Amino acid sequence: MNWSNVKLILAREVRDQLRDRRTVFMIVVLPLLLYPLLGMSFLQILHLMQEQPTSVLIVGYEETDDAPALLENDHFAPNLFRKPGKHRLLKLHFAGIEPDEEGVSVWAAARINTAEEAREAVLDGHYDAALFFPEDFAERLGHVRSLHAEWAQHAGDKADSKGVVRRPPVLPAVPQPEIFYTTANEKSQIAFARLFDVLRRWREEISRANLIVGGLPPTAVHPFEVETSDIARETGTSGIAAWAKILPVMLLIWALTGAFYPAIDLCAGEKERGTLETLLCSPAERSQIVCGKLLTVMLFSIVTAVLNILSVGLTGWLVLARMPGFGAPPPGAALWLLLALIPISALFSALCLALAAFARSSKEGQYYLMPLLLVTMPLVILPMAPSVELTLGTSLIPITNIVLLLRSLLEGHYWLAVQYSLPVVAVTLVCCLLAIRWAVDQFNQESVLFHESERLSMGLWLQHLRRDRMPTPSVGAAVFCGVLILVVKFFMSFSVAKPNDFGDLAEILIVTQLAVILTPALLMTILFTRRPMQTLLLGRDAWRPKLLLAVPAAFLLALAINPLANAAQLMIMRLYPIDPDVLALEGLFKEAPNLGIMLLLIAVLPGICEELAFRGFILSGFRHMGYKWRAIIWSSILFGFTHIILQQQLLAALVGVVIGFIAVQTGNLLPGIAFHVTHNSLALLISKITPEMYQRSAWLQSIMEPVDGSFAYRTSALVVAAMFSIILLFWFHQLPCRKSEEEELREAIKIGGEEPWENEEPDQTEADSLTDDQRKPITIAADN
């Protein structure tokens, strides 16, 4: 790496960015002015936002002389409210009377006497809420009080005048008052909350008065009161929890925003200005150009995030600290945010630079911001949920782990942050390296940097796939097939009712495999490829003598990898505990008529359908990228997403990598099917092991041990399984692998340092037989 070239490119790009007044305004001026102005406006709005009174209709209320008062001077009694003066927030209207201009209550022309009329009045919007009392409510309430008083008078007598033992009176039921309100109106909900609290306090007052009349102290029902003490308020740290959630999220959002627009200008903007070709012709290598541009984008991302956080912190210290629940930002927030900002900005800068390389114009580049936000925002918002905490499982989730780590540091949980800082840093660095590698690969592809403008039309694209179809599917067709399967499966999961027995579950499994997974792959194979058998890896090579050994080798590899897969499954379930509702669905398998039906549904059917779709059509399409392992990994990721729960998705993706490797090395689907069927069958058989079977079998006891209600392989079995797995994987690695045309081309470039067509003209007879779209790349290559 020639760092002098990187330094020159960095200085050039920074200078060009600073010449743009809009960039300087967005990065420097706007953050310094935006948040103080928002804070001032927020304070003005707070002064205007005062609690407004709500109207309440009272129907059927009658005062009683011996009960605590509910009303005083046409308002609820002030002692029924927590704070003085709050009784004026409930504006009362009495059924049958209304105040005149002088405040004297007079009868109204229209009277409301029934509960149905009160309900209609609230529904029509005449009142925010209505309180309806039954006709004999006051009478029965007084009768209950008189029974308490009578019992208190004879509390010392064990028997009455006739010698009958006195027992506590049976209190009659009192009809319940009813509150009418509507959740369709927010003001009505506020009125209900205030009215319900008033009636609750009035009920407590009546209960206390009845206890006193009955000769019992009020403490007989409420023997003690609970006192609360907010330690955070006493120590002045009450606002840390709020800041710990807000600041990390804002840091990531501004780091992403600050990186995106400079990246678009450095790639798409240079394409429009015609300066990218000049830069590529310079002595600097592509990696040096990417490094210079990446450092420029990182610089602007860091500056944008720092200025925004400083402006937010200053505004929060002056404005938000006056609000309840908020305080001044934590004093150590600046240090932790700055330390986390460097890897965050590197990650987002590399992602934005790689995406911007696709854009042909600045306008098109801005469209790529939305997909990036759709992927990033769920990972940013997830830590704001109260139940999500920093654990070993969450520390392995990109972006989410950084937010949780920052939240722990800002809240002062330093030991928790130290425990999981290593996995957070490791995952973040790996993501940064992968993103930077992706950006470098994008700049090394002329087809990405200078691809022609084209109109997006689904109909034209499908016609192109059909008319200009290749022997095997294209990368776009593979992506379309995988996304189509996921979308259909997503909508099917909401349209199908929850299974109640094994029959319903079997029907769902069959429909999912045949209709959702297998049918789209077979239809696209027939419509969009010229060699379906080669696409599905079912060609004549299946009967070659050497490949016939691959099927039993795949069977043995599935047996050897099963202990490792079982250990990985237990580890995943410890990191991400499974939902009990999902375990209830697994209980439906116990209703299966026999083991053969279960093996057919869980092992054989998925082994055939999923392999035809993911290791057949999709993997064949991804191999046109020119990278064998990228094709295997992307097809495995799509394969993992088709499973129901997260724990299954992670394990399926790992197993899918092994099956994809077998399919690529053998060039045939049969070994992969054998591995898939064997792997699922072993997982089912292990789940059928009971404690009684374990106690009777010495062989099981030698290789397995009970762990948390299930059975896991012993360490010795894992070591032996790992050794046999390595041997069998090495055997598969030694098989002659048929490469795609793109893989052969990249290998030739890597070995020879130049493209194979660079020194030879294309064959004219072959060129004459090509279409215009197929002839264009050869013509361009010949001109070069």
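Student: Explain the overall build of the protein chain residue by residue, including any values.
Tutor: Broken down by element type, the protein chain carries 32 helices and ten strands. Counted over contacts in the protein chain with a minimum sequence separation of 6, partners at least 24 positions apart contribute 74%.

Student: I'd like to hear about helix H17 (residues 475-495), residue by residue, with values.
Tutor: Over its 21 residues, H17 extends 30 Å from the first C-alpha to the last, a length consistent with the 30 Å expected when each residue adds 1.5 Å. Taken together, the buried positions of H17 are occupied by Ala477, Ala478, Cys481, Gly482, Ile485, Lys489 and Met492. All buried residues of H17 fall inside an arc of 135 degrees around its axis, so they share one side. What points out from H17, more than 90 degrees from its buried face, is the exposed set Phe491, Phe494 and Ser495.

Student: Which residues make up the sheet that holds strand E1 (residues 54-59), and what values go with them?
Tutor: Pairing within the open sheet is mixed, and its four strands lie in the order E4-E1-E7-E8. Looking at strand neighbours, the two that pair on one side only are strand E4 (90-94) and strand E8 (178-180), the edges of this open sheet. On average, adjacent strands in this sheet sit at an angle of 25 degrees to one another, irrespective of strand direction. Relative to E8, strand E7 (residues 129-132) runs antiparallel, the two sharing three bridges. Looking at E8, one finds that Ala130 is bridged to Phe180. Across the sheet, helix H5 (residues 186-213) lies against E1, E4, E7 and E8, angled at about 55 degrees from E1, the strand it touches most.

Student: Please provide a residue-by-residue account of the packing of aromatic side chains, values included.
Tutor: Using the criterion set out here, one finds eleven aromatic pairs in the structure. Centre to centre, the rings of Phe133 and Trp202 are 6.4 Å apart; their planes meet at 85 degrees, and the pair counts as edge-to-face. In this pair, Phe133 is assigned in the loop between E7 and helix H4 (137-153) and Trp202 in helix H5, connecting sequence segments 69 residues apart. Residue class for Trp202 comes out buried when judged on its relative accessible area of 6%. Between the aromatic rings of Phe490 and Phe491, the centroid separation amounts to 5.4 Å while the plane-to-plane angle is 75 degrees, which identifies the pairing as edge-to-face. On the basis of relative accessibility, which here comes to 54%, the residue Phe491 falls in the exposed class. Pairwise contacts between aromatic rings join Tyr61, Phe133 and Trp202 into one cluster. The ring of Phe639 carries the charged tip of Arg615 above its face, separated from the ring centre by 4.3 Å. Cation over ring: Arg630 sits above Tyr627, and NZ or CZ is 4.0 Å from the ring centre.

Student: Please provide a residue-by-residue account of unusual backbone geometry, values included.
Tutor: Peptide bonds are, in most cases, trans, and in most cases residues other than glycine have a negative phi. Even without glycine at this site, Ile399 takes up a positive phi of about 70 degrees. Phi at Leu537 is positive, roughly 55 degrees, even though this residue is not glycine.

Student: Can you tell me about a negative patch on the surface, naming the residues and giving the values?
Tutor: Residues Asp501, Asp504, Glu507 and Glu591 make up a contiguous surface patch of negative charge. Summarising the element assignment, Asp504 is placed in helix H18 (residues 502-528).

Student: Explain the side chain of Thr666 residue by residue, including any values.
Tutor: Structurally, Thr666 is set in helix H25 (residues 646-666). Looking at Thr666, its side chain comes within polar contact range of the main-chain oxygen of Ile662, at 2.7 Å. Separated by 3.2 Å, the side chain of Thr666 and the backbone oxygen of Asn668 make a polar contact.

Student: Residue-level account of the state of the cysteines, with values.
Tutor: Within this structure, the stated rule accounts for zero disulfides. Residue Cys432 stays outside any disulfide, its sulfur separated by 7.1 Å from that of Cys431, the closest cysteine. On the accessibility criterion, Cys432 (5% relative accessible area) is buried.

Student: Describe the environment of Pro283, and please don't skip the residues or the numbers.
Tutor: By the element assignment, Pro283 lies in the loop between helix H8 (276-280) and helix H9 (286-318). The exposure class of Pro283 is exposed, given its relative accessible area of 81%. In sequence terms Pro283 and Asn5 are 278 residues apart; their C-alpha atoms lie 8.4 Å from each other.

Student: Which residues make up the packing of H25 against helix H29 (residues 715-733), and what values go with them?
Tutor: For the pair H25 and H29, the least separation of the axes is 9 Å and the interaxial angle reads 35 degrees. Contact residues: Val658, Phe661, Ile662, Gln665 and Thr666 in H25; Leu729, Phe732 and His733 in H29. Partitioning the contact of H25 with H29 into residue classes produces five nonpolar, three polar and no charged.

Student: How would you summarise the pattern of salt bridges if you had to cite specific residues and measurements?
Tutor: Scanning the entire structure with this criterion turns up 14 salt bridges. The partner of Glu270 in a salt bridge is Lys293, and the shortest N-O contact between them spans 2.7 Å. Within this pair, whereas Glu270 is found in helix H7 (residues 240-273), its partner Lys293 is found in helix H9, the two being separated by 23 residues in sequence. Judged by its relative accessible area of 0%, Lys293 is buried. Arg615 is paired through a salt bridge with Glu611; the nearest N and O atoms lie 2.8 Å apart. Separated by four residues within a single helix, Arg615 and Glu611 lie in helix H23 (residues 595-622), roughly one turn from each other. Residue Glu611 is classed as buried on the basis of its relative accessible area of 0%. If you follow the salt bridges from partner to partner, you end up with Arg12, Glu13, Glu270 and Lys293 in one network.

Basis of the calculations
Residues numbered from 1 in each chain as written. Predicted model: local features only at pLDDT ≥ 70, side-chain atom pairs only at ≥ 80, totals over all residues. Heavy atoms only, no water. Helix = DSSP H or I, 4+ residues; strand = E, 2+ residues; numbered from the N terminus. Contact = heavy atoms within 4.5 Å. Expected span 1.5 Å × (residues − 1). Buried < 20%, exposed > 50% of the residue type's maximum accessible area, 1.4 Å probe, protein only. Arc of directions from axis to C-beta. Pairing = 2+ DSSP bridges. Axes fitted to C-alpha atoms, helices over the stretch in contact; angles between N-to-C directions. Phe/Tyr/Trp six-rings, centres within 6.5 Å; stacked < 30°, edge-to-face > 60°. Lys NZ or Arg CZ within 6 Å of the ring centre and 35° of its normal. Patch = residues over 30% accessible without salt bridge, like charges linked within 9 Å, V, L, I, M, F, W, Y side chains within 5 Å. Areas by Shrake-Rupley, 256 points an atom, 1.4 Å probe, with all protein chains shown as cover. Salt bridge = Lys/Arg side-chain N within 4 Å of Asp/Glu carboxyl O. Lys, Arg positive; Asp, Glu negative; His and termini not counted. Charge placed at Lys NZ, Arg CZ, Asp CG, Glu CD. Polar contact = N/O pair within 3.5 Å; in protein donor to acceptor, adjacent residues only side chain to side chain. Disulfide = S-S within 2.5 Å. Nonpolar A, V, L, I, M, F, W, Y, C, P; charged D, E, K, R; others polar.

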